[in-house]
Amino acid sequence: MQTDQPAEVQAAALGSARTHCPYCALQCGMSVEATQGAVTVAPREFPTNGGGLCQKGWTSAALLDSPARLTTPLVRERGQLHPAGWDEALDTVAARLGRIGAEHGADAVGVFGGGGLTNEKCYALGKFARVALGTANIDYNGRFCMSSAAAAGTRAFGMDRGMPFPVTDLADADAILLAGANPVETMPPFAQHLSGASGCEGLVVVDPRRTPTAARANLHLQPAPGTDLALALGILHAAVAEGHLDTEYVRTRTDEFDPAWQQAASWWPERVERITGVAAADQRRAAAMLSGARNAYVLTARGTEQHADGTDTVSGWINLALALGLPGRAGSGYGCLTGQGNGQGGREHGQKSDQLPGYRRIDDAASREHVARQWGIAPDELPGAGPSAYELLDALGTEHGVKALLVFGSNVAVSAPGADRVTNRLAELDFLAVADIVLSETAAMADVVFPVTQWAEEDGTMTNLEGRVLLRRKAVDPPAGVRSDLEVLGGLATRLGRPPEAFPCEPQRVFDELRRVSAGGVADYSGITYERLRDGVALHWPVPDTDHPGTPRPFLDRFAHPDGRARFVPVTYSGPAEETDEDYPLLATTGRLLAHYQSGAQTRNVDELMAVDGEMFVEVHPDTARRFDLSDGEAATVTSRRGTVHAVVRCVASMRMDTVFLPFHFPDDNRANLVTSTALDPVSGMPEFKVCAVRLGRHRGTGRQASARQEVA
Amino acid sequence: MNATARRPRKVVIAGYGMAGARLAENIRARDPRGERLSVTVVGAERHAAYNRVLLSSVVAGTLPRDAVTLHPESWAAEHDVTLRVGATVRGIDTAARTVSVHDPGGGPTALDYDALVLAQGSSPWIPPVDGLVHEDGSLAPGVCAFRTLDDCEEIAGRARAGTPVAVLGGGLLGIEAARGLAGRGCRVTVVHPHSHVMERQLDRGAGDVLAGTLAGYGIEFRTGTTAARYVPGDGVKLDDGGYVPADLVVVSAGVRPETGLAASAGLAVDRGILVDDCMRTSDPRVHAIGDCAQHPGTPPGLVQPAWDQAGVLADLLTGADSAGRYRGTAAVTRLKASGVDLASFGDVGSEPDSPEAEVVCLNDPARGRYAKLVLRDDLVTGGVLLGVPDAAANVAHHYTHRTPAPADRLAFLLGRALPEEAVRAPSPASMPGSVTVCECNNVPKSGLVDAWRRGARSVAGLAEATRATTGCGSCTGLVRGIADWLESTE
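Throughout this description, residue numbers start from 1 for each chain and increase along the sequence as written. Whichever chain is written first becomes A and whichever ligand is written first becomes 1, with later ones labelled in order. Residues qualify for local features only when their pLDDT is at least 70, as the model is predicted, and side-chain atom pairs are given and counted only at 80 or more; totals for whole chains, interfaces and linings, by contrast, use all residues. Here the side-chain values reflect all heavy atoms present in the structure, with hydrogen atoms and water set aside.

A separate point is the overall build of chain A. When helices and strands are counted, chain A shows 24 helices and 28 strands. Taking 27 Å as the expected radius of gyration for a compact globule of 713 residues, we find that chain A reaches 24 Å, a close match to that expectation. For chain A, the spread of C-alpha atoms along the three principal axes comes to 70 × 65 × 55 Å. Exposure is judged per residue with a 1.4 Å probe applied to protein chains only, and the accessible area is read against the type maximum: over 50% gives exposed, under 20% gives buried, and values in between give partly exposed. Out of the 713 residues belonging to chain A, those deemed buried represent 67%. In what follows, residue pairs with any heavy atoms lying within 4.5 Å of each other are defined as contacts. At a minimum sequence separation of 6, the contacts of chain A that also span at least 24 residues come to 74%. In the form shown here, chain A has an accessible surface area of approximately 22,000 Å², with 47% of it arising from carbon and sulfur atoms. Positive charges come from Lys and Arg alone, negative charges from Asp and Glu alone, with His and the N- and C-terminal ends not counted. Charge positions come from single atoms, namely NZ of Lys, CZ of Arg, CG of Asp or CD of Glu. In chain A, the 66 positive side-chain charges and the 87 negative ones have mean positions that sit 0 Å from each other. Numbering goes from the N terminus for both helices and strands, where a helix is a DSSP run of H or I of at least four residues and a strand is a run of E of at least two. With the radius of gyration taken over C-alpha atoms, the globule rule is written as 2.2 Å times the number of residues to the power 0.38. The Shrake-Rupley method, run with a 1.4 Å probe sphere, supplies the accessible areas, and residue values consider only the shown protein chains as cover.

Right, dumping it as structure tokens:
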């Protein structure tokens, strides 16, 4: 049995805890020490981070006692948010939700969750929506994150577990292709797992930008934004045409190669070169590097997934991995780099509109029967599948949309595509309630705001990027006046007439219920206990009983389709939803910075991080800037058919001349999502964050501006 | 179906090659249930359509013949397309709107059409060389054309290691065949009547560098001469008195668009069948696409124009976009030859002293590189890029998308092939204090120096004081270097 910590630390006293970072899916091991008045964090040895921590992790304690922290519920009166008592806030929300549900039907109330919430919260949120509210309208920001990879993984393997292997396995690979991933900047300690491949001259990075990760690559493929699927087809074509197809593996472990090849056969590297701008020779070199490796991995992330053809694009990369015989082989494989802290667990336990706990489908009769029985309701009382995240947000306040919305752990006013439209839709709601640790841009629009606990102030489990379930432990007491999301849900559920025992507030009780409900599902957590996690047992799901050692590498013997075989999926390229034209001649792509996380609601409140990257910018090739009469450091506008974002020009010589880059962590006029496309992937509901047509202009306003934070009355 | 539904219009596609197959696919993508169009495809070869672009891989032996098939056998039935393979269209009656089709073993049958599409491609031109062709028109033993899948199989079957091969014609296809056969170990000689190879796509300088590169793979060239006589089992005599030994002769002396059927039906024909931007011939109910068609400004012999034309014609025939027009294709020729990276497009003839165009040119025959860039008003109008693959991709992308070229023309022309600037890491002593050493934690060199002066006298101490090295760990060596340097200065 694998353990990562000595047993004697299991009785960690309050005030000093071995826990995990509050940010990304790497969930770096850290220890939190609380001494008189000061809380400090330090990295600790854990397989995912190997004792490393990035600047976000190092500074994470700053948020515990940040002046931005909310410490009392807020209720809007005469247009202003005012401090209120908990009972008043809970009563107000329950009464408004109850009335709107009674007047317009249960589906008039919606719930929006987040991939940063613990498994317990995700589970409770899904149950609360289906049982206490009776609404089908629940979805979460993971749609904006992992959904394309999840859909493609399920299609190919019958199961979506981001990385179906421990992240430390990567060290033994002599070739790794990273498609649309920039871990050196977004999860720095992960980079150490790439050193094996880069040491063998085998690191291939696919990214339209020369990111810090791309700069470390042995081969950087720099396709035009939105053309990744063509590139995946070209590399697959090259692999097959040069005789690298693993025919024995394809025959014994997969189906549907022929139709997939029939599509890829039309995408020879020279043709793909004209679409992507990636040299045919480099496509062949990538194919040769992967096929010539002893062990190789293909890994995808948001850059390649956040497209209107994102699911097919991931299928394109998986097809490549399957053709080379990588998935389900020890030391090789395909994986998706999860982004949000609990991106994996967040999609497994029922806050996604089409799913029930245990990664069950909500349209599957047996799954409905099982979950309804566990929840003490009749199967037909369970609502069906609701709309996906953007569809839900896009209809807010409309005749057929949700009239009241509860938001937990998400800042959609900044993070949703076409942000201006989403902000307007939020304003059209009859009622909005938000639970958050700070007054995020979304919370600032709410009628009621609940101040909630955060990572070091509560227990809870997270499922990291390798499908390993981790226990985050309480290290400090929360500020007075703050309650956990579970307490908020419990308080609302009882006011809505549900028995308190159906919505417990103690994380471990919720987890024990989650275990029972997940039993028999794809993501079976029934054998995972807080005790085992405290003992440091490395438990990757599924874990069907408490003696089960977990499943770090689920596909070694068989894939999760009933016949045990993987599926090629025939995919072809048709291009992004929006093309450039004379009015919008450039392509904009969006992404992350090292110093910030997601919408920035947390990291913009950490001074040390703001000192690194405190203002919105747009990266532009110097020639392109000149073409638009702009120079480095000037205030610019970036305009698409949907809106205009203000940003300071940063000239970067390694940029493609047809592409600009916008980080998405900044608020108000600096929201990258003011320009992004609202086209959705037809399978996953993923918006096309990574490419839209824009033009540059001069910003005639104040130039560099600080983002004004809305004051609380 | 409601009473007003009309019967589908009948489309007959003569030709089941890359153009005809693509047109049928495009029609069914726009009219999946066949409500608007019924489609009949007549193909002369007996097998399903295949991807001609991949034939050089079949000759080279890296792809089996099955792998180049465009459609599975079940495709036609699944897509409600009537497919007649091994059949030929022998006559068109434009007045009656019928074609006469000869099936294998059967007599002629008449087929009505509302729209007829000629997509019969082109056929190899066999030069008038003594002994190459029997009196009945069939090729002499040991002689193969290089056009069909069957040709390729025959070539592959005859090409053994050490087999002497004469390739007649050093155009694009001839060079691809020569390189594939050289890869199989054949002793290949290319006989080419012009002064340099691929003269349609390359200027003299590029042609010479290409020949030099191919010579490195053992391919010999006889340029400025033609074959005079073929003696089976011996070789080819040249008209300059030379001699090329050959057990196999591959004829790639050019192709001729298939125009006979169109001409005999009275349609306007020049080099190919003349078409307008709607792909209409001189008879508005007869269309032509692909290699058999002649559209102004479209180079022949490439698949991309054929596919672009198929897309436009499918829009027009189905009514999906009745305003669709084909305006030509910014074609880029890419040679498919292992170890040779060559792109050619647009105006390649302009020379650096040209008064109208800006021309940048580099000739590096010793390293097999030749790069020429032709620009007008900052837009790329032509280029030849040989041995500089990264630049080829980028320059061709600018040509295709008509985006302004970067101001740094030389870097643009050479791409990554240019030696990267000397980016040797500065020494710990010479590095400016503001340089970020640890990217993950944003620690500048000055931060490490300060920490050292405050007492952090080791890598571990510096890490503790500044967090440097605690992210991805890649700066550990540099931090150690700085620590050593600081220690040495004390």
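There is more to say, and it comes next.
With 270 residues, the main nonpolar core has A:Phe190, A:Phe450 and B:Leu118 as its most contacted residues. For this core, the leading source of residues is helix α8 (residues 228-241) of chain A, giving eleven residues. Residues belong to a common nonpolar core when they are buried Ala, Val, Leu, Ile, Met, Phe, Trp, Tyr or Cys residues joined through side-chain atoms within 4.5 Å. Membership of the second largest hydrophobic core comes to 28 residues, among which are A:Leu74, A:Val407, A:Leu429 and A:Phe689.

A separate point is the state of the cysteines. Residues and elements named next belong to chain A. Cysteine sulfur atoms are paired as a disulfide whenever they fall within 2.5 Å. For the coordinates displayed, the defined rule picks out zero disulfides over all chains. Cysteine Cys28 is unpaired, with the sulfur of Cys21 as its nearest cysteine sulfur at 5.9 Å. Take Cys28: its relative accessible area is 6%, and that puts it in the buried class.

Turning next to the packing of helix α16 (residues 365-375) of chain A against helix α21 (residues 507-518) of chain A. Residue and element names in this part refer to chain A. In this analysis an axis means a line fitted to C-alpha atoms, helices contributing only their contacting stretch, and an angle means the value between N-to-C directions, from 0 to 180 degrees. Between α16 and α21, whose axes approach to 9 Å, the crossing angle comes to 150°. Our pair here, α16 against α21, has a crossing hand that is right-handed. Two secondary-structure elements touch here, α16 through His370, Val371, Gln374 and Trp375 and α21 through Glu513, Arg516 and Val517. Under the convention adopted here, Pro, Cys and the residues Ala, Val, Leu, Ile, Met, Phe, Trp and Tyr are nonpolar, Asp, Glu, Lys and Arg are charged, and Gly plus all remaining residues are polar. Broken down by class, the residue content of the contact of α16 with α21 amounts to three nonpolar, two polar and two charged. By convention, the crossing between two helices is left-handed when the near helix turns anticlockwise from the far helix through less than a right angle, and right-handed when the turn is clockwise.

Tallying the contact residues gives 47 residues for chain A and 46 residues for chain B. Together, the buried faces of chain A and chain B total about 3,300 Å²; carbon and sulfur atoms form 51% of this surface. Contact with chain B buries area across many residues of chain A, yet A:Gln262, A:Trp268 and A:Arg274 alone supply 22% of it, more than any other trio. The salt bridge criterion pairs a side-chain nitrogen of Lys or Arg with a carboxyl oxygen of Asp or Glu, the two atoms within 4 Å. Our enumeration of links across chain A and chain B arrives at two salt bridges. Here A:Glu608 ties to B:Arg467 by a salt bridge, and the two come within 2.7 Å at their closest N and O atoms. For this analysis, a polar contact is any N or O atom pair within 3.5 Å, provided that within protein one partner can donate a hydrogen and the other can accept it, and provided that sequence-adjacent residues contribute only side-chain to side-chain pairs. The interface formed by chain A and chain B contains 17 residue pairs in polar contact (both at pLDDT 80 or more). By buried area we mean the combined loss of accessible area, with a 1.4 Å probe, across both parts when two parts are placed together.

Turning our eyes to something else, we now look at α21(A). All names here are of chain A. Helix length check: α21, at twelve residues, gives a terminal C-alpha distance of 16 Å against a target of 16 Å (1.5 Å per residue), a fit within 8%. Of all the positions in α21, only Pro507, Val510, Phe511, Glu513, Leu514, Arg515, Val517 and Ser518 are classed as buried. Buried-residue contacts for α21 involve α3 (119-133), β15 (360-361), α16, β19 (460-463), α20 (485-495) and α22 (530-534). Take the number of residues in a helix, subtract one, and multiply by 1.5 Å to get its expected span.

Residue and element names in this part refer to chain B. Structurally, Thr333 is set in strand β21 (residues 332-334). When its relative accessible area of 10% is taken as the criterion, Thr333 is described as buried. Leave out the neighbours within four places in its chain, and Thr333 touches Leu172, Gln201, Leu302, Leu342, Ala343 and Ser344.

Here we take up the environment of A:Glu688. Residue and element names in this part refer to chain A. Examined against the element boundaries, Glu688 turns out to sit in the loop between β27 (659-663) and β28 (692-698). On a C-alpha basis, the gap between Glu688 and Glu305 in space is 8.7 Å, while along the polypeptide they are 383 residues apart. Once residues within four sequence positions are removed from consideration, Glu688 is found in contact with Gln306, His307, Ala308, Asp309, Pro576, Ala577, Glu578, Ser677 and Ala679. Of the polar contacts made by the side chain of Glu688, one reaches the backbone nitrogen of Ala308; its length is 2.5 Å.

Turning our eyes to something else, we now look at the confidence of the model for chain A. Interpreting fine coordinate detail is not advised for predicted regions of low pLDDT. Residues and elements named next belong to chain A. Along the chain, pLDDT gives the predictor's confidence residue by residue, from 0 to 100. Residue-level pLDDT values for chain A average 93, and 96% of them are 70 or greater. Taken together, the stretch residues 1-13 has pLDDT below 50 and engages in 26 contacts with residues farther than four places along the chain or on a different chain. Scored below 50 in pLDDT, residues 703-713 shows 24 contacts in the model against residues more than four places distant or in partner chains.

On to the layout of surface pockets. If you roll a probe as big as a water molecule over the atoms, it shows you where there is empty space left. Size it by volume and the second largest pocket reaches roughly 710 Å³. As for the second largest pocket, its lining consists of 23 residues, and the residues nearest its centre are A:Val184, A:Glu185, A:Thr211, A:Pro212 and B:Glu439. Among the residues forming the lining of the second largest pocket, the class breakdown is ten nonpolar, five polar and eight charged. Using a 1 Å grid laid over the protein atoms alone, points where a 1.4 Å probe fits but cannot get out form a cavity; open sets with protein on both sides within 12 Å along at least 5 of 7 lines form a pocket; any residue with an atom within 4 Å of a point counts as lining. Grid points are joined across faces, edges and corners, and a volume is the space filled by probe spheres set on the points.

A word on the sheet that holds strand β1 (residues 9-14) of chain B. Residues and elements named next belong to chain B. When DSSP finds at least two bridges between two strands, those strands are taken to pair. Reading across the sheet, the five strands line up as β3-β2-β1-β7-β19 and stay open at both edges, with parallel pairing between neighbours. Every interior strand has two partners, whereas the edge strands, β3 (81-85) and β19 (286-288), have only one. Taken pair by pair, the neighbouring strands of this sheet meet at an average axis angle of 15°, ignoring direction. With respect to the sheet, helix α1 (residues 18-30) is in contact with β1, β2 (37-43), β3 and β7 (115-118), its orientation differing from that of β2 by roughly 165°. Helix α8 (residues 303-318) contacts β1, β2, β7 and β19 of the sheet and is inclined by roughly 175° relative to β7.

Turning to the domain arrangement of chain B, a few remarks are in order. Domain limits in this description derive from either an automatic procedure or a database domain assignment. By the assigned domains, chain B splits into domain 1 (9-123 + 256-318), domain 2 (143-253), domain 3 (341-417) and domain 4 (436-489). A separation of 69 Å is found between the C-alpha centroids of domain 1 of chain B and domain 4 of chain B.

Time to look at the pattern of salt bridges. This model, assessed by the stated rule, comprises 64 salt bridges over all chains. Residues A:Asp581 and A:Arg641 are paired through a salt bridge, measuring 2.4 Å at the closest nitrogen-oxygen approach. Within this pair, whereas A:Asp581 is found in the loop between β22 (566-567) and β23 (586-591), its partner A:Arg641 is found in the loop between β25 (635-639) and β26 (644-651), the two being separated by 60 residues in sequence. Among the salt bridges present, the one from B:Asp378 reaches B:Arg409, with a minimum N-O distance of 2.6 Å. Linking B:Asp378 in the loop between β24 (369-376) and β25 (379-386) with B:Arg409 in helix α10 (residues 409-414), this pair joins segments that are 31 residues apart in sequence. Accessibility expressed as a relative area gives 36% for B:Asp378, which makes it partly exposed. Residue B:Arg409 is classed as buried on the basis of its relative accessible area, which comes to 14%.

To continue, consider the UniProt feature "domain: FAD/NAD(P)-binding" (unreviewed entry) in chain B. Taking the numbering used here, the UniProt-annotated feature "domain: FAD/NAD(P)-binding" (unreviewed entry) corresponds to residues 10-310 of chain B. As annotated, residues 10-310 of chain B has a helix share of 23% and a strand share of 28%, and its two end C-alpha atoms lie 17 Å apart. UniProt positions are given in the numbering used here, feature names are shortened, and annotations may be inferred rather than shown by experiment.

Moving on: the domain arrangement of chain A. Residue and element names in this part refer to chain A. Looking at chain A, the domain boundaries give domain 1 (7-63), domain 2 (74-144 + 344-505), domain 3 (149-337) and domain 4 (586-698). Relative placement of domain 1 and domain 4: their C-alpha centres are 32 Å apart. At the interface, seven residues of domain 1 touch twelve residues of domain 4. Looking at the side of domain 1 facing domain 4, the largest losses of area belong to Tyr23, Gln55 and Lys56, adding up to 56% of the total buried there. Taken together, the connections running from domain 1 to domain 4 amount to zero salt bridges. Across the domain 1-domain 4 interface, the total number found is one residue pair in polar contact (both at pLDDT 80 or more).

Moving on, we get to the UniProt feature "domain: BFD-like [2Fe-2S]-binding" (unreviewed entry) in chain B. UniProt records the feature "domain: BFD-like [2Fe-2S]-binding" (unreviewed entry) for residues 437-482 of chain B in the present numbering. In residues 437-482 of chain B, helix accounts for 52% and strand for 9%; the two terminal C-alpha atoms are 10 Å from one another.

A separate point is the confidence of the model for chain B. Overall, the predicted model of chain B reaches an average pLDDT of 91, with 97% of residues at or above 70. For residues 417-424 of chain B, every residue scores under 50 in pLDDT, and the model assigns this stretch two contacts once sequence neighbours within four places are set aside.

Here the focus is the packing of aromatic side chains. The description of two aromatic rings rests on the distance between their centres and on the angle between their planes. All names here are of chain A. When two rings of Phe, Tyr or Trp (its six-membered ring) have centres within 6.5 Å they constitute a pair, described as stacked for plane angles under 30 degrees, edge-to-face for angles over 60, and tilted for the intermediate range. Evaluated as defined, the whole model comprises 17 aromatic pairs over all chains. Centre to centre, the rings of Phe165 and Tyr297 are 4.7 Å apart; their planes meet at 50°, and the pair counts as tilted. On the criterion of sequence distance, the pair formed by Phe165 in the loop between α4 (147-157) and β8 (175-179) and Tyr297 in strand β12 (residues 296-300) is long-range, its members being 132 residues apart. For the pair shown, Phe165 and Tyr297 are each scored as buried. If you follow Arg271 out to its NZ or CZ, it ends over the ring of Trp268, 5.8 Å from the centre. Two limits define a charge over a ring: the Lys NZ or Arg CZ must be within 6 Å of the ring centre, and within 35 degrees of the ring normal.

Cis geometry marks the peptide bond from A:Trp541 to A:Pro542, where omega comes out at -5°. With respect to the helices and strands, the residue A:Pro542 is situated in the loop between β21 (539-540) and β22.

Residue and element names in this part refer to chain A. By secondary structure assignment, the location of Arg695 is in strand β28. Under the relative-accessibility criterion, Arg695 is labelled partly exposed at 33%. Remark: the alpha-carbon pair of Arg695 and Gly335, spanning 360 residues in sequence, is separated by 35 Å. The contacts of Arg695, once residues within four sequence positions are left out, are Asp583, Tyr584, Pro585, Thr637, Val638 and Thr639. Engagement of the side chain of Arg695 in a polar contact is seen with the backbone oxygen of Asp583, the distance being 3.3 Å.

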